[in-house]
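# Descriptive analysis of the structure
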Amino acid sequence: MATTPRFRCFDPTNSYAATPDHPRRFSTTSNSTPRYYNNNNNNSKGTMGISANSEPKIITGDAGYVLEDVPHLSDYIPDLPTYPNPLQDNPSYSVVKQYFVNVDDSVAQTIVVQKDSPRGIHFRRAGPRQKVYFEPDDVRACIVTCGGLCPGLNTVIREIVCGLYYMYGVHRILGIEGGYRGFYARNTIPLTPKVVNDIHKRGGTILGTSRGGHDTSKIVDSIQDRGINQVYILGGDGTQKGASVIFEECRRRGLNVAVAGIPKTIDNDIPVIDKSFGFDTAVEEAQRAINAAHVEAESIENGIGVVKLMGRYSGFIAMYATLASRDVDCCLIPESPFYLEGAGGLFEYIEKRLKENGHMVIVIAEGAGQELLAESRLAMNHQDASGNKLLQDSGLWLSQKIKDHFSKLNKMSINLKYIDPTYMIRAIPSNASDNVYCTLLAHSVVHGAMAGYTGFTVGSVNGRHAYIPFHRVTERQNKVVITDRMWARLLSSTHQPSFLDPKEVAKNKGEETETHLVNGENHLEETASATPKEVGNQQATYSGN
Ligand SMILES: Nc1ncnc2c1ncn2[C@@H]1O[C@H](COP(=O)(O)OP(=O)(O)OP(=O)(O)O)[C@@H](O)[C@H]1O
Ligand SMILES: O=P(O)(O)OC[C@H]1O[C@](O)(CO)[C@@H](O)[C@@H]1O
Ligand SMILES: [Mg+2]
């Protein structure tokens, strides 16, 4: 029989117990909402009623159960009224037997466990609650999209609008134009189901987007001035960092404003969540470019098709597109350093493949081999408006290097075609499965905000939607773990070299190491800049799936 965990209070910064009369400690039971900090300030702009960033809300239970909870408006605003969830009278949803989520439901981050292992980290399960913290008539919601484009943005916008409208009877929803700076520099767009009806069939975002321009104080002033009390923020890692500081500022000002993020990243580089929306669409669309490269390459003697795909720091699109296609002979990603010349290098492999097969296809992620590019040209240190490093064109660079190498050889003339479909992939509408995923994400985020949660990102964790504290999705990037089975499957499907030093791998395999990498949760930031030899060392520590 399932037992309800007995929650204990755990304050990561203090070892002594929390007490109900100490406002800075959690006072939690399984039935009460944890709260910290009393709010005695008024709501005027910039007041210093509440200082310091909020601390993580961590609740522990029996058998090593840990809930990494998200903030709630009642944590800092006392005596907030609650209302019955209007969904209980909604004829469409009345067929569902147990529609409302139990207050104690949580989603496990790790689902592969051993008999005696602790229950581990959990996140609050997403979904509708019996009580809501906003009267539908009082809600003034806004939606903003920031960062690069991604298939599905319009679907999420549509479903937030329709979800608020039809599930909760919220009719005042504003679109913020042109990303964060739109809060203070642009007009707003009123959004209704009619306005958004067809937008899921279009790529891009009807609201526009931008990089840079995050001015927290001006943004929160604008939220206050417009009377907005629910802020829905779609964007990647940078955007979620921005959302986090907006939440902190709203909290500091004591505002009754729910700030919620929906992670958007075509690169799939946001951690914790299973995958980001638009990723499936991107992988599917990448097939068209790979097919074209393959057709070109196999139609001519010693044909080489080079396809560049997106992935600044994470090579997920390249890896999945390669695995899906089966026409790719070599996939290069930022996480797996490679080299061109000499034994075990890329040129040697190309020559071998052309001799065996007469043609080949290479997929390269935009961030792959950047360290080699920097060596061969003047290192550029340009950044975009958000401070992201502007990368050099890895596909163009690689194509040129291959051409130069084989023209020097004289013995083998090659025909290389370079295809860069990156922006074409990013600009298409989401496919069917992403459309459904976007809809569920939008509904989950709306349920969370209506229930008074704030300072959270919504995402699917092991197939269940959860509310995840901002810091968990911004503290690191999700990367391909090259010591995991998925990358091994890729190597085995392409037969490409691993570019690892075989002696080092063999040596380290025999050695006991203390570090154990856990599937999908490895902090492999260092891998991106590691030498092939160093990666060989990491290989030996693998204990993944
Ligand atoms: N640390 C930060 N604090 C506040 N705002 C930030 C921070 N980092 C980025 N932003 C803001 O978030 C917005 C989007 O950031 P960015 O351009 O890096 O895209 P992103 O959300 O990471 O998406 P993409 O995956 O396309 O890179 C920008 O307006 C930027 O100013
Ligand atoms: O829109 P921009 O500024 O050209 O950014 C391109 C970058 O955006 C991304 O698509 C992420 O959104 C990266 O893969 C790519 O490097
Ligand atoms: Mg980013």
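Residues numbered from 1 in each chain as written. Chains lettered and ligands numbered in written order. Predicted model: local features only at pLDDT ≥ 70, side-chain atom pairs only at ≥ 80, totals over all residues.

### Some details on the overall build of the chain
Helices and strands together make up the secondary structure of the chain, namely 17 helices and 18 strands. Within the chain, buried positions represent 48% of all 545 residues. Taking contacts inside the chain between residues at least 6 apart in sequence as the whole, the part at least 24 apart equals 77%. (Helix = DSSP H or I, 4+ residues; strand = E, 2+ residues; numbered from the N terminus. Buried ≥ 20, exposed ≤ 12 C-beta atoms within 10 Å, placed from the backbone. Contact = placed C-beta atoms within 7 Å.)

### A closer look at the UniProt feature "active site" (unreviewed entry) in the chain
As recorded in UniProt, the sites labelled "active site" (unreviewed entry) are Asp-267. Its place among the elements puts Asp-267 in the loop between strand S12 (258-263) and helix H6 (279-298). (UniProt positions renumbered as here; feature names shortened; annotations may be inferred.)

### Notes on the site of ligand 2
In the vicinity of ligand 2, the contacting residues are Gly-147, Gly-148, Arg-211, Gly-236, Ile-266, Asp-267, Met-310, Gly-311, Arg-312, Glu-366, Asp-384 and Arg-426. Of the residues in the shell around ligand 2, the class split is 2 nonpolar, 4 polar and 6 charged. Composition of the shell around ligand 2 by domain shows at least three residues from each of domain 1 (58-276 + 430-474) and domain 2 (279-377 + 388-428 + 480-503). (Near = placed C-beta within 6 Å. Nonpolar A, V, L, I, M, F, W, Y, C, P; charged D, E, K, R; others polar. Domains from an automatic or database assignment.)

### A few points about the UniProt feature "binding site: ATP" (unreviewed entry) in the chain
When the UniProt feature table is mapped to this numbering, "binding site: ATP" (unreviewed entry) covers Gly-148, Arg-211, Gly-212, Gly-236, Asp-237, Gly-238 and Thr-239. Across 92 residues in sequence, these annotated residues keep their C-alpha atoms within 13.0 Å of one another, forming a single compact spot. Positionally, Gly-238 belongs in helix H5 (residues 237-252). Once residues within four sequence positions are removed from consideration, Gly-238 is found in contact with Gly-147 and Ser-386. Note that Thr-239 resides in helix H5. By C-beta crowding, Thr-239 is classed as buried, having 29 other C-beta atoms within 10 Å. Every residue in contact with Thr-239, bar those within four places of it in the chain, is listed here: Cys-146, Gly-147 and Ile-233.

### Some details on the nonpolar core
Ranked by internal contacts, the top residues of the largest apolar core, which has 128 residues, are Ile-317 and Val-363. Split by domain, the residues of this core number at least three in each of domain 1 (58-276 + 430-474) and domain 2 (279-377 + 388-428 + 480-503). With residues near it in sequence (within four places) discarded, Ile-317 still touches Ile-266, Asp-267, Ala-282, Val-283, Ala-286, Leu-309, Met-310, Gly-311 and Ala-365. (Core = buried A, V, L, I, M, F, W, Y, C linked by C-beta atoms within 7 Å.)

### Observations regarding the site of ligand 1
The local shell around ligand 1 holds 21 residues, among which Gly-147, Gly-148, Gly-236, Gly-238 and Gly-242 are the closest. Per-element tally for the shell around ligand 1: the top contributor is H5, with 6 residues. A breakdown of the residues in the shell around ligand 1 according to their chemical character gives 3 nonpolar, 15 polar and 3 charged.

### Overview of the packing of helix H1 (residues 153-168) against helix H12 (residues 432-450)
Where H1 contacts H12, the two axes come as close as 8 Å, and the packing angle between them is 50°. Between H1 and H12, the angle falls in the class oblique. Along this stretch, H1 crosses H12, giving a crossing that reads as right-handed. Residues Thr-155, Val-156, Glu-159, Ile-160, Gly-163, Leu-164, Met-167 and Tyr-168 of H1 lie in contact with H12, whose contacting residues are Asn-435, Cys-438, Thr-439, Leu-441, Ala-442, His-443, Val-445, Val-446 and Met-450. Its residues assigned to classes, the contact of H1 with H12 shows 11 nonpolar, 5 polar and 1 charged. (Axes fitted to C-alpha atoms, helices over the stretch in contact; angles between N-to-C directions. Parallel < 35°, antiparallel > 145°, perpendicular 65-115°, else oblique. Left-handed = near helix turned anticlockwise from the far one by under 90°.)

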